[in-house]
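One letter stands for each residue in the lines below.
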Amino acid sequence: MLNRYKLKRGTQLAMGDIKAIISTDIMRFMGFDAIYADITQQNGTMTCCVKLIDGIALIFRDKGILLDMKLNAEERKAIYCHELGHCFSEKQKGIKNKERVIEDEVDSDTFAVEKCGILVDVLESALKKTYEYNIASIRIRQEMPTKEKVENFVEEMTARKRNVERLKLKIKQEENKQR
């Protein structure tokens, strides 16, 4: 497997404001090549993010935040599969958005369910805990988000909830066809 960057366990990385250390070797996860890097320093409260290098999804994760969110193993898997969607979804391949785009977030949620087999209820639970954590962290940091940030947050939350409902309906319709 081509890995010209020599990404291996123990390697320290820096990506923008994030510093991390690779915690796994290249592994096959849900049918995709991935490496996990544990965030050691960041400005903000990002749970996970991903970067595609040589066809390998490098998933940065903040284990402290994931623990604080009280995600169970299936919910963490849903988050990781969502991140894989940013790399491997047909709609997002080759796109290098630095800004958070609602359509990409919805597409990655759909990818987690349709390509990785994540149960919709598990995704919904992970999203709920993510949003609750984000709201609580604003209070803890006592920073006042701009009106635009709040509106974007609500718009994204609404779009993703709508998508979860759409996925539930789609699965129910497929189950009814099979009867």
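Quick look at the structure, then.

Reading guide: rules and limits
Residues numbered from 1 in each chain as written. Predicted model: local features only at pLDDT ≥ 70, side-chain atom pairs only at ≥ 80, totals over all residues. Heavy atoms only, no water. Helix = DSSP H or I, 4+ residues; strand = E, 2+ residues; numbered from the N terminus. Buried < 20%, exposed > 50% of the residue type's maximum accessible area, 1.4 Å probe, protein only. Contact = heavy atoms within 4.5 Å. Axes fitted to C-alpha atoms, helices over the stretch in contact; angles between N-to-C directions. Parallel < 35°, antiparallel > 145°, perpendicular 65-115°, else oblique. Left-handed = near helix turned anticlockwise from the far one by under 90°. Nonpolar A, V, L, I, M, F, W, Y, C, P; charged D, E, K, R; others polar. Salt bridge = Lys/Arg side-chain N within 4 Å of Asp/Glu carboxyl O.

**With respect to the environment of Val 120**
You can see Val 120 is positioned in helix 4 (residues 120-141). Here Val 120 falls in the buried class, since its relative accessible area comes to 6%. Spatially, the C-alpha atom of Val 120 lies 6.5 Å from that of Lys 168, the residues being 48 residues apart in sequence. With residues near it in sequence (within four places) discarded, Val 120 still touches Val 113, Val 164, Leu 167, Lys 168 and Ile 171.

**Let's talk about the packing of helix 3 (residues 102-114) against helix 5 (residues 147-178)**
Look at helix 3 against helix 5: their axes get within 9 Å of each other, and the N-to-C directions meet at 30°. Considered as vectors, helix 3 and helix 5 are oriented roughly parallel to each other. The handedness of the crossing between helix 3 and helix 5 comes out as right-handed. Contact residues: Ile 102, Glu 105, Val 106, Asp 109, Thr 110, Val 113 and Glu 114 in helix 3; Asn 152, Glu 155, Glu 156, Ala 159, Arg 160, Asn 163, Arg 166, Leu 167, Lys 170 and Ile 171 in helix 5. Among the residues making up the contact of helix 3 with helix 5, the classes are represented as 6 nonpolar, 3 polar and 8 charged.

**A few points about the packing of helix 2 (residues 73-88) against helix 3**
At their nearest, the axes of helix 2 and helix 3 sit 7 Å apart, and the two run at 115° to each other. Seen along the crossing, helix 2 lies across helix 3 with a hand that is right-handed. Touching Ala 78, Cys 81, His 82, Leu 84, Gly 85, His 86 and Phe 88 of helix 2 are Asp 104, Glu 105, Ser 108, Asp 109, Phe 111 and Ala 112, all from helix 3. For the contact of helix 2 with helix 3, the class distribution of residues is 6 nonpolar, 4 polar and 3 charged.

**Overview of the pattern of salt bridges**
The tally for this structure, following the rule as stated, stands at 16 salt bridges. The closest approach of N and O atoms between Arg 160 and Asp 109, which form a salt bridge, is 2.7 Å. Residue Arg 160 is found in helix 5, and its partner Asp 109 is found in helix 3; the two are separated by 51 residues along the sequence. A salt bridge links Glu 165 to Lys 161; the shortest N-O distance between them is 3.1 Å. Pair noted here: Glu 165 and Lys 161 are both in helix 5, with a separation of 4 residues, about one helical turn. Residue Glu 165 is classed as partly exposed on the basis of its relative accessible area, which comes to 38%. Taken together, the shared-partner salt bridges in this structure form one network comprising Arg 100, Glu 105, Asp 109, Glu 156 and Arg 160.

Limitation: the analysis is restricted to geometry and does not speak to function.
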